[in-house]
Amino acid sequence: MTEAWGPDDDKPRPSAGPVKVRVPAKINLHLGVGPVRPDGFHELNTVYHAISLFDELTARRGDTLALTMEGEGAGELALDESNLIIRAARALAHAARVPAHARLHLRKSIPLAGGLAGGSADAAATLLACDLLWGTGFTKDELAEIGAELGSDVPFLLHGGTALGTGHGEVVNPVLARPTTWHWVVAIADGGLSTPAVYRELDRLRGSAASPPALDSPDALMAALRQRRPEVLGAALANDLQAAALSLRPALADVLKAGEQAGAVAGIVSGSGPTCVFLATDGGHAQHVAAELAASGVCRAAVPARGPMPGARAT
Ligand code: ATP
C-alpha cells in the first residue's frame with residue numbers, strides 16, 4: 001500500500017500509529033428471543049445499551065499481525081487466529097486488500113464470556129483501529145457490515161448508545177430518547193457462561209411448549225426509556241435468556257436477591273449471563289449498591305457504570 005498521496009488527494013491517510021481505541025461493554029435492556037431460524041440463529045428483538053466498562057485496543061505498525069493482552073482473561077484467552085481481534089483485522093485487511101500487518105495490544109476490563117459482548121467489543125475496536133492505522137477509510141456502516149460476519153453484537157458496538165437490534169441482533173437502529181444518563185451496577189461473576197449453551201438451555205426449557213415461542217416486543221421498554229424515572233425503566237427490563245442462565249447457574253438467583261436487598265431499583269441477568277446488572281437511582285446510589293454487593297460475597301466484583309456510552313472511539 002502506498003502512503004504517498006498528493007496534497008489534493010482527499011483519500012484517508014494511513015497513520016504512523018499508535019492508534020488507541022476505547023470500546024464499551026453492552027447490556028440488553030430488553031432481550032426477546034424468538035424461534036430458531038433455518039440458519040441456526042434465533043430471531044431477536046433487543047434493546048442494546050452501551051455502558052462505561054471499557055476495553056482498550058492499541059494498534060501499531062508492524063511487519064506481521066501480532067496480538068498481546070493484559071487484564072481480564074489474560075493467560076486464558078487464546079491470542080491466536082481464533083481470537084476475534086485477529087479475525088477482525090484479517091477481515092478488514094481482506095475487504096480493503098491491504099496486508100494484515102499490525103501489532104495489537106488489548107487492555108481488557110470486560111469479563112470473558114460474561115454476557116457483556118466483550119469479544120464483539122474487541123472486534124469492533126479492532127475494525128476501527130486498523131481502519132485508522134491502515135487508512136482504509138471505511139464508513140462506520142461499512143465496518144459494521146464487515147463486523148456482522150464476526151459477531152451479532154459488533155455493529156452495535158461500533159455505534160453505541162441505546163439501540164434496537166433485530167435480525168439476530170446485527171440490524172441496529174438507534175433509539176431516539178431524551179438524553180438521560182442511567183446508573184448501573186455490574187456484578188461480575190467468577191467464571192463465564194457459554195452463549196451457545198445458554199441458548200440451547202432456553203430451547204430445552206421451551207421444548208415442551210405446544211406452540212413456538214412468541215417474539216416479545218420491546219414496546220414497554222421503549223416507552224419507559226422516554227420517561228426519566230428509574231422505577232419505570234426498572235419495571236420494564238426483560239430478558240428471555242434469564243431463566244436459561246439461572247437454570248445453568250442457580251447461584252445467580254442469590255446475586256439478584258443480594259442486589260435487591262442492597263436497594264437496587266431492579267436487577268437482571270445481562271444477555272446470556274452470568275453477569276448481573278442492577279439499576280440505581282443516581283451515581284451515589286450505584287456506589288452504595290456496588291459496595292453492598294461486593295461485601296455480600298455473591299460475586300467476584302461489583303462496579304458502578306453509566307449508560308448510554310458512545311461506541312468504539314479513537315482516544
Ligand atoms: P456474547 O454475549 O456476545 O456471546 P459474551 O460476553 O458472553 O458474549 P465474550 O467475552 O464476548 O462472551 O466471548 C465469548 C467467547 O468468545 C470467549 O469465551 C472466547 O472463547 C471467544 N473470544 C474470541 N476472541 C475474544 C476476545 N477478544 N475477547 C473475548 N472473547 C473472545
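Just so you know, these numbers come straight off a predicted model, no measurement behind them.

About the thresholds
- Residues numbered from 1 in each chain as written.
- Predicted model: local features only at pLDDT ≥ 70, side-chain atom pairs only at ≥ 80, totals over all residues.
- Heavy atoms only, no water.
- Phe/Tyr/Trp six-rings, centres within 6.5 Å; stacked < 30°, edge-to-face > 60°.
- Helix = DSSP H or I, 4+ residues; strand = E, 2+ residues; numbered from the N terminus.
- Buried < 20%, exposed > 50% of the residue type's maximum accessible area, 1.4 Å probe, protein only.
- Lys NZ or Arg CZ within 6 Å of the ring centre and 35° of its normal.
- Pairing = 2+ DSSP bridges.
- Expected span 1.5 Å × (residues − 1).
- Arc of directions from axis to C-beta.
- Contact = heavy atoms within 4.5 Å.
- Near = heavy atom within 4 Å.
- Polar contact = N/O pair within 3.5 Å; in protein donor to acceptor, adjacent residues only side chain to side chain.
- Areas by Shrake-Rupley, 256 points an atom, 1.4 Å probe, with all protein chains shown as cover.
- Nonpolar A, V, L, I, M, F, W, Y, C, P; charged D, E, K, R; others polar.

> How would you sum up the packing of aromatic side chains? Please name residues and give values.
On inspection of all chains with the given rule, the structure shows one aromatic pair. With a centroid separation of 4.6 Å and 10° between ring planes, the pair formed by Tyr-48 and Phe-156 is classed as stacked. Linking Tyr-48 in strand β2 (residues 42-60) with Phe-156 in helix α4 (residues 154-159), this pair joins segments that are 108 residues apart in sequence. Residue classification places Tyr-48 among the buried positions, given a relative accessible area of 1%. For Phe-156, a relative accessible area of 0% gives the class buried. The lysine or arginine in question, Arg-22, covers the ring of Phe-54, its NZ or CZ lying 3.6 Å from the ring centre.

> Please set out the pairing of strand β5 (residues 162-166) residue by residue, giving values where relevant.
Here β2 runs beside β5; their pairing, made up of four bridges, is antiparallel. Its bridge partner lying in β5, Tyr-48 is registered against Ala-163. With four bridges connecting them, β5 and strand β6 (residues 171-174) associate as antiparallel partners. Bridge pairing in β6 links Ala-163 to Pro-174. In textbook terms, the turn of a hairpin is the stretch between consecutive antiparallel strands, and for β5 and β6 this stretch comprises four residues, one of which, Gly-167, has a positive phi near 70°.

> Explain helix α5 (residues 195-206) to me, and be specific about the residues and the numbers.
Here α5 contains 12 residues, and its C-alpha end-to-end distance of 17 Å stays within 8% of the 16 Å for a straight helix at 1.5 Å per residue. Along α5, the residues classified as buried are Val-198, Tyr-199, Glu-201 and Leu-202. Each buried residue of α5 lies within a common arc of 160° when the element is viewed along its axis, so the set occupies one face. Of the exposed residues in α5, those oriented more than 90 degrees away from the buried face are Arg-200 and Arg-204. Its buried side turned inward, α5 meets β1 (19-36), β2 and α8 (242-248).

> Mind laying out the site of the ligand, listing which residues take part and the relevant values?
Residues in contact with the ligand amount to 19 residues; listed here are only the nearest, Ala-113, Gly-115, Ala-117, Gly-119 and Thr-195. Separating an oxygen atom of the ligand from a backbone N or O atom of Gly-119 is a distance of 2.7 Å. For the ligand, whose free accessible area comes to 610 Å², the fraction covered by protein is 75%. Elements that contribute at least two residues to the shell around the ligand include exactly α1 (84-96) and α2 (118-134). With three residues, α2 is the single largest residue contributor to the shell around the ligand. Residues of the shell around the ligand, tallied by class, amount to eight nonpolar, eight polar and three charged.

> Report on helix α3 (residues 140-148), specifying residues and quantitative values.
Residues of α3 that are buried include every one of Leu-143, Ala-144, Ile-146 and Gly-147, and no others. For α3, the angular spread of the buried residues around the axis is 160°, confining them to a single face. Of the exposed residues in α3, the ones pointing more than 90 degrees away from its buried face are Asp-141 and Glu-145. Those residues of α3 that are buried lie in contact with α1, α2 and α4.

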